[in-house]
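Summary of structural features
Read off the chains here:
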Amino acid sequence: MELQVFDKSDHDLFVQKLINNYQVEGVKRKEDSFCYGSIKSPGDLCLDFDCTIGPPKKYFLPPEETLLRFTTVPSLEVTAVIESTPFILFGVHPYDLKAINQMDRIFADGVPDPHYLKRREAALLIGVDPTRVAPRAFWADMEADAVSNGFDLMFTDMGESFIVEIGTEKGGDLLTQYGKVRPATRNETRERVNIRSQISNMCKKRGLTFPKREIPQLLEHSEGNIFWEEKASKCLSCGTCNLVCPTCYCFDVQDDMGLDLSNGERLRRWDGCLLQDFARVATGENFRETRASRYRHRFFRKGLYLFRVLDDVACVGCGRCASSCLPDIADPVDAFNRLKETEK
Amino acid sequence: MNQSVPEVSPYLPKWAEISRIEDLTESEKLFEMHLVSGEPLGHSPGQFVELSVMGIGEAPISVSSAPRETNSFELAIRKVGNLTNAVHNLVTGDTVGIRGPFGTHFPVEETKGKDILFVAGGIGLVPLRSFINFVLEHREEYGEVTILFGARNPSEQLFLDELEQWGSREGIKYLETVDRPDQNWKGHVGVITTLFPKIDIDPSKTYCIIVGPPVMYRFVILEAKARGIPDTQIFLSLERRMKCGIGKCGHCQINHIYVCQDGPVFRYTDIFDLEEAL
């Protein structure tokens, strides 16, 4: 694997060229936080961030999207809406890339979902290694501090320059066409390894007390643990943990009719398993009526159910749920460590 | 992302025209329909479809008819929400959206040559009817047939004509009960499990097929087990919120299984230890 070096003084010009030729989305500063948004000038883009408020999943699975569009006049006509515009997503940390890789599999396996896949296909992903660790992050423990695929380019901040790993041919073309690069020296390649392991080690400070691979088994034996009831008694059933989670993809499908009743849309909207009505059926039966059952379900889904589908835990350790939860009960590190302590 | 992306949306329905509507009870109607394309629905007994009215929405509805040669199929629909209310207002000749059929089906092959004990509670008769009628249409391929049907009260009994036929047909044992009788009710009174002492089965060769409200399963399964029916010969159909039908949306998940794909029909031994399943 040959790495390229990219002088920081050339960076703004590179971003400007991307903006001239593509729709560019990326990480922006928002007061003391960071979020994904449109990059209109090189100064908008911020690659020195700990974690964004929301994950980048919105670019592939928008909070609301039109699946079907229909007209009723003169007669019913229904068309599927499968749309995508090529765009660049600049500044995705490895844990979020890992989450996107997982979601790609969910929407591609079995019955493929072209609404998601078309949008995903149209995206060029430029990853960036973290320069800072968010207070509740634990991605190193979740083995999400590096990914081997899922990016077109991967940037690592080396101080005066970036080292860039080329992930795909498309990424390589982008770099040669718009960037000014030279091959990395051996020392620079070694330095990149050091920088990466330093930041990973910083992320392990508050981490799991046991190896990640034990999570599925730990959950399997925790069904009756009092922990679920205890924590869930503070749950507001607000679904914020679902909202900010890069691996949560559950959705609802609803129709929206135009006011003149001549046209409308069938929409897909994000849903969340913590919300009270998530498992309620039309006759009124709610299969996860209690907060504890919904709270437990989310952890089981991440650590056990999806593990059986993906062969990996569907938590990448971004820590967003922990930092967004008002009663502060959503922290997976706390949950997993507590379950381990009280394991029978 | 190197694989090719399909161009067709799995959310785009086919269209079906309603050819007959029959009132079943105050809140349930039977809709006979056929796909406008002329192709058969291609379902097996126990599968469901996603039924939709554009502008209102979509909901999972089990197919109530056995597969037949005419390509028409029947959905029995209780009026309980926005979509089903809208469907109840439709008339013959109107079209609805259909996706599917989805999910697993009743063990039509495995039960051949065996005895079958059907246990239906309330609206659970709707999906079970597809299998009952299939068995009755292929009567010689199956052994003894016993049907138990329980409703809350007589006015909630569905398919009255067929119940009567089952009751009088040779070679079928049909027993019914209601929880709350009215003045005209002369039959058995009590929950469905109170019918079990009245039946005579050879448990080793009997398959018990159960569909009813969630609360019913635990008790009926206990009865079936007490009668010596092996766990592997107990099947049931679970109701969940199957929103997408293709194992993506997450609503019908019970542990690692998706009811829309791994169900709705399950062998008891496959789900007995799943938290939240029963």
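Examining the overall build of chain B
Within chain B one finds 6 helices and 15 strands. For chain B, whose C-alpha radius of gyration is 19 Å, the value lies close to the compact-globule estimate of 19 Å for 278 residues. Each principal axis of the C-alpha atoms in chain B carries an extent, and together these give about 55 × 45 × 35 Å. Out of the 278 residues in chain B, the part that is buried amounts to 47%. Look at the contacts in chain B between residues 6 or more apart in sequence, and 70% of them connect residues 24 or more apart.

Some words on the sheet that holds strand E5 (residues 77–80) of chain A
Residues and elements named next belong to chain A. Taken in spatial order, the 4 strands line up as E5-E4-E12-E11 in an open sheet, and their pairing is antiparallel. Looking at strand neighbours, the two that pair on one side only are E5 and strand E11 (251–257), the edges of this open sheet. On average, each strand axis in the sheet is inclined to that of its neighbour by 25°, with strand direction left out of account. Inspection of the sheet shows E11 paired to strand E12 (residues 263–270) by 7 bridges, in the antiparallel sense. Note on E12: the bridge partner recorded for Asp256 is Glu265.

Quick notes on the domain arrangement of chain B
All names here are of chain B. Taken domain by domain, chain B holds domain 1 (14–102) and domain 2 (115–237). Spacing between the C-alpha centres of domain 1 and domain 2 amounts to 24 Å. The interface is formed by 13 residues belonging to domain 1 together with 14 residues belonging to domain 2. Its residues assigned to classes, the side of domain 1 that touches domain 2 shows 5 nonpolar, 5 polar and 3 charged.

Focus on the domain arrangement of chain A
Residues and elements named next belong to chain A. Domain parsing of chain A yields domain 1 (3–203) and domain 2 (212–341). Between domain 1 and domain 2, the contact holds 34 residues from the first and 30 residues from the second. Going through the elements one at a time, strand E4 (64–71) and helix H2 (94–108) are the ones with two or more residues in the side of domain 1 that touches domain 2. Among the residues forming the side of domain 1 that touches domain 2, the class breakdown is 19 nonpolar, 5 polar and 10 charged.

Definitions and cut-offs
- Residues numbered from 1 in each chain as written.
- Chains lettered and ligands numbered in written order.
- Predicted model: local features only at pLDDT ≥ 70, side-chain atom pairs only at ≥ 80, totals over all residues.
- Helix = DSSP H or I, 4+ residues; strand = E, 2+ residues; numbered from the N terminus.
- Rg over C-alpha atoms; globule rule 2.2 N^0.38 Å.
- Buried ≥ 20, exposed ≤ 12 C-beta atoms within 10 Å, placed from the backbone.
- Contact = placed C-beta atoms within 7 Å.
- Pairing = 2+ DSSP bridges.
- Axes fitted to C-alpha atoms, helices over the stretch in contact; angles between N-to-C directions.
- Domains from an automatic or database assignment.
- Nonpolar A, V, L, I, M, F, W, Y, C, P; charged D, E, K, R; others polar.

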